[in-house]
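Inside the fold
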Amino acid sequence: MLLNVQELKAAKAKLALRETIDVADLLSQVPGVRPAGPLEADVTAEPSGEFVNVAGQLDCNLEWTCVRCLTKFEEPLHIPYSESFKQVSQEVADLGEQDDEDFVPFHGDRLELRPYLTDELLLNLPLSPTCSDDCKGLDPETGEDLNGKPERPRPIKIDPRLEALKGWFDSERS
């Protein structure tokens, strides 16, 4: 998604940009997630003084693996996007984005937005995706999926090293 900054500043108007980005290679290195479709970027670029403001929405359908029960589920991801870019000299652009700046520096007449959009997707991936908020996960002993099964009482296991202390409080009461 290449943005011609000089034309945008000369027009002094908003420019709508829409692109479909294949993220299969990008997400191949991320465990537990696969793209179920491309990344749809729908953004608007607007000149604002010495800045170029880009804002819009990123949408992508992803196939996740639940971290609790290990089942696969598909869920869309909707990400609001907003970034300010500033045209700077080559030396400043080589330094990259600084922590104390509220903009991304770039050099030249053209601005490639695709890396910034894909980075935003990666930053918004959940750390622990679950198929539902009340997912019960897997049984730690048998490995069976506990979702959709009735609760069953679990036997209380006593560590064999502490077996001698089992009747401690009973002996004090008598």
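Anything mentioned here points back to the structure above.
Let me begin by describing the structure that accompanies this report. (Residues numbered from 1 in each chain as written. Predicted model: local features only at pLDDT ≥ 70, side-chain atom pairs only at ≥ 80, totals over all residues. Heavy atoms only, no water.)

1. Points about the pattern of salt bridges
- Throughout the structure, instances matching the rule amount to five salt bridges.
- Where Arg114 meets Glu19, a salt bridge forms, and the shortest distance between an N and an O atom there is 2.2 Å. Of this pair, Arg114 sits in helix H4 (residues 114–123) while Glu19 sits in strand S2 (residues 15–21), placing them 95 residues apart in sequence.
- Arg114 sits in the partly exposed class, given a relative accessible area of 35%.
- A salt bridge links Asp159 to Arg161; the nearest nitrogen and oxygen atoms lie 2.5 Å apart.
- According to the relative accessible area criterion, Asp159 is partly exposed, its value standing at 26%.
- The exposure class of Arg161 is exposed, given its relative accessible area of 72%. (Salt bridge = Lys/Arg side-chain N within 4 Å of Asp/Glu carboxyl O. Helix = DSSP H or I, 4+ residues; strand = E, 2+ residues; numbered from the N terminus. Buried < 20%, exposed > 50% of the residue type's maximum accessible area, 1.4 Å probe, protein only.)

2. A word on a nonpolar patch on the surface
- Taken together, the side chains of Ile156, Ile158, Leu162, Leu165, Trp168 and Phe169 present a nonpolar region at the surface, about 690 Å² in accessible area.
- Accessibility expressed as a relative area gives 47% for Trp168, which makes it partly exposed. (Patch = residues over 30% accessible without salt bridge, like charges linked within 9 Å, V, L, I, M, F, W, Y side chains within 5 Å. Areas by Shrake-Rupley, 256 points an atom, 1.4 Å probe, with all protein chains shown as cover.)

Geometric values such as these leave the question of function open.
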